[in-house]
Amino acid sequence: MRFAFLLSTCLTVTPLSLLAQEAADAIDPEAATAQASKDAGTPVEASNWMVAAANPLAVQAGADVLRDGGTAADAMVAVQAVLGLVEPQSSGLGGGAFLVWYDGESRELTTLDGRETAPLAATPQLFQDDTGEPLGFWDAVVGGLSVGTPGTPALMEMAHQKWGTADWASLFKDAIELAEGGFTASPRLAALVAGDQERLSSSGRTASYFLPEGTPIQEGNILKNPAYGATLRAMGAEGAKVMYEGTIADGIIETVQGAATPGVLSLQDLAIYRVKERPAVCATYREHDVCGMGPPSSGALTVGQILGLLDSYDLAALGAENPESWRLIGDASRLAFADRGRYMADSDFVPMPTKGLVDPAYLSERAQLLAGDDALPEVSAGNPPFDHALLWADDESLELPSTSHISIVDQFGNVLSMTATIENGFGSRLMAPGGFLLNNELTDFSFRSHSDGVPIANRVEPGKRPRSSMSPTIVLKDGKPVLVVGSPGGSRIIGYVAKTIIAHMDWGMDVQAAISMPHLVNRFGKYDVEEGTSAEGLIQPLTDLGYEVGARALTSGLHAIAITPDGLSGGADPRREGIALGE
Ligand code: GLY
């Protein structure tokens, strides 16, 4: 067996970034609530439409829209409006989102980039102290400094304008009723509030909502958020522009600039914000096209690189329990993350070899690095084909496991994959007067702007969008969608999505089994194995292959729908609170 040939080599990693990432992961509130049960369950089956998302109330709102003949874009607006209320820690009007759309009529694929932007007054030194050293992580996150221009409201509106047919205002009905009439706080929300009391107390409006009279809200409490209801009423009546000018916008800026750690976001940033439609980025895997969000997300490129590097290896024959499968997947991921750390950022600001990074010839040559028997002792960025000098330094960005994913298929053959976020659990901890939390997305930039004098691609720049790992994905075969999938989870999103695709396509698992299957994720050298699961049986074999291995909670929130000639088959992640529903 391969793991009889041992190498005791220590893996080479980027020590500062890895240490910082591990430290920050350990204290992120969204990471702290993995459910113990990993029951595989069975997928939900349907023939006309389906929606899978992170909360049953949100899924129900989307299902009502789809049942009434709405499109996937209509349903997304209803789902996202409810998620911003019942799962406020993960996504909402104060954050950003990426959406991948397959159009049932034109049979074309496109994407919407609703990522937050850095304020025009931001500089590459935004997260540095007077000596040029990076700020402590929480010093940067909590308060106004980390808040980027929200993109989710504008994205919801653009998706509806392009692909919706339902009356816009009607899509907020469920969310308004729940905000004004009250909803039941979920166990996950209550647990996250309990674990984050100190930071939630840092801002008065946030504290009075989540910690009324100083006591954290409890599971089962009925919560009302009339301010959020009023914001949705205004959005329904006047459109998303109410978030970008007028009273609600003024409230956002006053909150950011009046925070204990004030930020530099201004009304001008809100006024000039635009969603960008961009071509999907696709990679080839097992004669399928795996398509998703290109820059400023690293999602489609890194998922695509991992799969492209594995394409010539027979994972189906090796099987899901074979350490050799996980050696290949783990080292393919490390190679992809090395390119990600060097090259990937907002390509509107930084020349990026987007095509070269998923060029089959480049990946096929780089895949030869996987031909050995043991963990690669060292991993560094490759040289993808590009007609521009590539002179970037490796970065040190942190991305933490928050965020929320929505997958929808409607009766018209449209397919929607959208991941939305306010970054860290509860974002900047600043709640705007409009009843929504503001993001801390700017901490997805590299705090350092240079390394040894060489610029870092993902450094802060005015108007730039921070690099993301969000990987809303649609897989196509012969031009037809066969799978829609995505997840929260910070930079581990990439591993969760790649694993789910491999488990479904190579190991023949249905979508629910592919989602529920224990996670093993390697980004920078250390192998993370999902604690309390059968994957712990791979700790020793992977250690024997030369990896440093650790068990930990791996709180994904995968929502996926498989599309077959027989119908739709959906799954929701047992690690969070979501469901799939269809008819
Ligand atoms: N903030 C999480 C991400 O964009 O990947």
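Residues numbered from 1 in each chain as written. Predicted model: local features only at pLDDT ≥ 70, side-chain atom pairs only at ≥ 80, totals over all residues. Heavy atoms only, no water.

1. Examining the site of the ligand
Applied cut-off: We define proximity as follows: a residue is near a molecule or strand when any one of its heavy atoms falls within 4 Å of that partner. By the criterion applied in these results, polar contacts are pairs of N or O atoms within 3.5 Å in which, for protein atoms, one can donate a hydrogen and the other can accept it, and in which residues neighboring in sequence qualify only through two side-chain atoms. Each accessible area is a Shrake-Rupley estimate made with a 1.4 Å probe; only the visible protein chains count as cover when residues are assessed. Polar here means any residue other than Ala, Val, Leu, Ile, Met, Phe, Trp, Tyr, Cys and Pro, which are nonpolar, and Asp, Glu, Lys and Arg, which are charged; Gly is therefore polar.
Lining the immediate surroundings of the ligand are 9 residues, of which Glu423, Glu441, Asp444, Ser468 and Ser469 lie closest. Between a nitrogen atom of the ligand and a side-chain N or O atom of Asp444, the distance comes to 2.7 Å. In this structure, an oxygen atom belonging to the ligand sits 2.6 Å away from a side-chain N or O atom of Ser468. In isolation the ligand offers 200 Å² of accessible surface; the protein chains occlude 100% of this area. Residue classes in the shell around the ligand are distributed as 1 nonpolar, 3 polar and 5 charged.

2. Focus on the nonpolar core
Here is the rule: Only buried residues count toward a nonpolar core, which is a set of Ala, Val, Leu, Ile, Met, Phe, Trp, Tyr and Cys residues joined through side-chain atoms within 4.5 Å. Buried means the residue's accessible area, taken with a 1.4 Å probe over protein chains only, is under 20% of the maximum for its type, while exposed means over 50%, and partly exposed covers the values in between. Contacts were defined at the residue level, with two residues in contact if any of their heavy atoms lie within 4.5 Å.
Met76, Leu99 and Phe210 are the most contacted members of the largest nonpolar core, which totals 83 residues. Those residues in contact with Met76, other than ones at most four positions away along the chain, are Leu99, Leu155, Met156, Ala159, Ile408, Leu416 and Met418. By size, the runner-up hydrophobic cluster in this structure holds 60 residues, among which are Leu310, Ala375, Trp507 and Leu545.

3. Section: helix H5 (residues 152–163)
An α-helical segment advances 3.6 residues per turn. Residues three or four places apart therefore align on the same side. Put simply, the rule is: Comment: elements are numbered from the N terminus, with helices defined as DSSP H or I runs of at least four residues and strands as E runs of at least two. Here, expected helix span is obtained from the residue count minus one, scaled by 1.5 Å.
An ideal rise of 1.5 Å per residue puts 16 Å on 12 residues; H5 measures up with 16 Å between its terminal C-alpha atoms. For H5, the set of buried residues is Thr152, Pro153, Ala154, Leu155, Met156, Ala159, His160 and Trp163. Structurally, H5 contributes buried residues whose contacts are with helix H3 (72–86), strand E3 (96–102), strand E4 (109–114), helix H10 (226–238) and strand E11 (415–421).

4. Things to note about the state of the cysteines
The condition is simple: Disulfides are defined as pairs of cysteine sulfur atoms found within 2.5 Å of each other.
Here the structure, examined in full by the defined rule, presents 1 disulfide. For Cys282, the disulfide goes to Cys291, at an S-S distance of 2.1 Å. The disulfide joining Cys282 to Cys291 has a torsion of about 115° about its S-S bond and is therefore right-handed. Given the relative accessible area of 2%, Cys291 is considered buried.

5. What to know about the sheet that holds strand E2 (residues 50–53)
Short version of the rule: Strand pairing is assigned whenever DSSP identifies at least 2 bridges connecting the two strands. Angles here are taken between N-to-C directions and fall from 0 to 180 degrees, while the axes themselves are lines fitted to C-alpha atoms, restricted in helices to the stretch in contact.
Ordered by their spatial adjacency, 7 strands build an open sheet running E7-E4-E3-E11-E10-E2-E21, and the pairing between neighbours is antiparallel. Because the sheet does not close on itself, it has two edges, and the strands there are strand E7 (276–278) and strand E21 (579–582). With strand direction ignored, the average angle separating the axes of adjacent strands in the sheet is 15°. Sheet analysis places E2 next to strand E10 (residues 404–409), joined by 3 bridges and oriented antiparallel. Residue Ala52 lies in a different strand from E10, and its bridge partner there is Ser407. Relative to the sheet, H3 contacts E2, E3, E10 and E11, its axis offset from that of E10 by approximately 150°.

6. Remarks on the sheet that holds strand E8 (residues 281–285)
Taken in spatial order, the 7 strands line up as E1-E20-E19-E15-E14-E9-E8 in an open sheet, and their pairing is antiparallel. Looking at the sheet topology across the chains shown, the edges are occupied by strand E1 (44–46) and E8. Sheet twist, expressed as the mean angle between neighbouring strand axes with direction ignored, is 20°. Note: strand E9 (residues 288–292) against strand E14 (residues 473–477), 4 bridges, orientation antiparallel.

7. Side note on the pairing of strand E17 (residues 527–530)
As a general feature of sheets, a regular strand has side chains that alternate between the two faces. Short version of the rule: When the strands point away from the viewer and the path from the first strand over the helix to the second turns clockwise, the crossover is right-handed.
The alternating pattern of E17 places Tyr527 and Val529 and Asp528 and Glu530 on opposite faces, both of which are buried. Taken together, the 3 bridges between strand E16 (residues 520–522) and E17 define a ladder with antiparallel strand orientation. Each residue of the ladder has a partner; that of Leu520, found in E17, is Val529. Each parallel crossover has a hand, and for E17 linked through helix H20 (residues 539–544) to strand E18 (residues 549–552) it is right-handed.

8. Some points on the environment of Asp346
Considering the arrangement of structural elements, one finds Asp346 in the loop between helix H15 (323–343) and helix H16 (354–357). Here the alpha-carbon distance between Asp346 and Leu310, two residues 36 residues apart in the chain, equals 26 Å. Discounting residues that sit within four places of it in the chain, Asp346 has contacts with Arg278, Pro296, Lys464 and Arg465. Only 2.9 Å separates the side chain of Asp346 from the backbone nitrogen of Asp348, close enough to count as a polar contact.

9. Overview of the packing of aromatic side chains
In plain terms, the rule: Working definition: a ring pair exists when centres of Phe, Tyr or Trp rings (six-membered ring for Trp) sit within 6.5 Å. Plane angles under 30 degrees give stacked, over 60 give edge-to-face, the rest tilted. We call a charge positioned over a ring when the NZ of a Lys or the CZ of an Arg lies within 6 Å of the ring centre and within 35 degrees of the ring normal.
Tallied over the entire structure, the rule returns 10 aromatic pairs. Judged by centre distance (4.9 Å) and plane angle (85°), the ring pair of Trp168 and Phe172 falls under edge-to-face. With respect to class, Trp168 is no different from Phe172; both count as buried. Ring-pair connections join several aromatic residues into one group, and the members of that group are Tyr209, Phe210 and Phe426. Positioned over the ring face of Trp138 is Arg199, at 3.8 Å from the centre of the ring.

10. Comments concerning the packing of helix H6 (residues 173–181) against H10
Applied cut-off: Throughout this description, any angle smaller than 35 degrees is read as roughly parallel, any larger than 145 degrees as roughly antiparallel, any in the 65 to 115 degree range as roughly perpendicular, and the remainder as oblique. Helix crossings fall into two classes, left-handed where the near helix is turned counterclockwise from the far one by less than a right angle and right-handed where it is turned clockwise.
The interhelical angle for the contact between H6 and H10, taken along N-to-C directions, is 155°, at an axis separation of 7 Å. When the axes of H6 and H10 are compared, the pair comes out roughly antiparallel. In the packing of H6 onto H10, the handedness of the crossing is left-handed. From H6, Ala175, Ile176, Ala179 and Glu180 reach across to H10, where they touch Pro226, Tyr228, Gly229, Ala230, Leu232 and Arg233. Across the contact of H6 with H10, the residue classes break down as 7 nonpolar, 1 polar and 2 charged.

11. Focus on the environment of Phe137
Mapped onto the secondary structure, Phe137 falls in helix H4 (residues 137–141). We classify Phe137 as buried; its relative accessible area is 12%. C-alpha separation for the pair Phe137 and Ser186, spaced 49 residues apart in sequence, amounts to 28 Å.

12. Observations concerning unusual backbone geometry
With an omega of 15°, the peptide bond running from Pro295 to Pro296 counts as cis. Structurally, Pro296 is set in the loop between E9 and helix H13 (299–310). The backbone of Glu213 sits at a positive phi, close to 50°, despite the residue not being glycine. Here Glu213 is to be found in the loop between helix H9 (204–210) and strand E6 (222–223).

13. Details of the pattern of salt bridges
Convention followed: Salt bridges, as used here, are contacts in which a Lys or Arg side-chain nitrogen is within 4 Å of a carboxyl oxygen on Asp or Glu.
One pass over the full model with this rule turns up 27 salt bridges. Here Asp113 makes a salt bridge to Arg465, at a shortest N to O gap of 3.1 Å. On the criterion of sequence distance, the pair formed by Asp113 in strand E4 and Arg465 in the loop between strand E13 (454–455) and E14 is long-range, its members being 352 residues apart. An identical accessibility class is assigned to Asp113 and Arg465; each is buried. Among the salt bridges present, the one from Asp311 reaches Arg286, with a minimum N-O distance of 3.5 Å. Separated by 25 residues along the polypeptide, Asp311 in the loop between H13 and helix H14 (315–318) and Arg286 in the loop between E8 and E9 bring together distant segments of the chain. Its relative accessible area of 30% is what places Asp311 among the partly exposed residues. Among the charged side chains, a network of salt bridges with common partners joins Asp113, Lys276, Arg278, Asp348 and Arg465.

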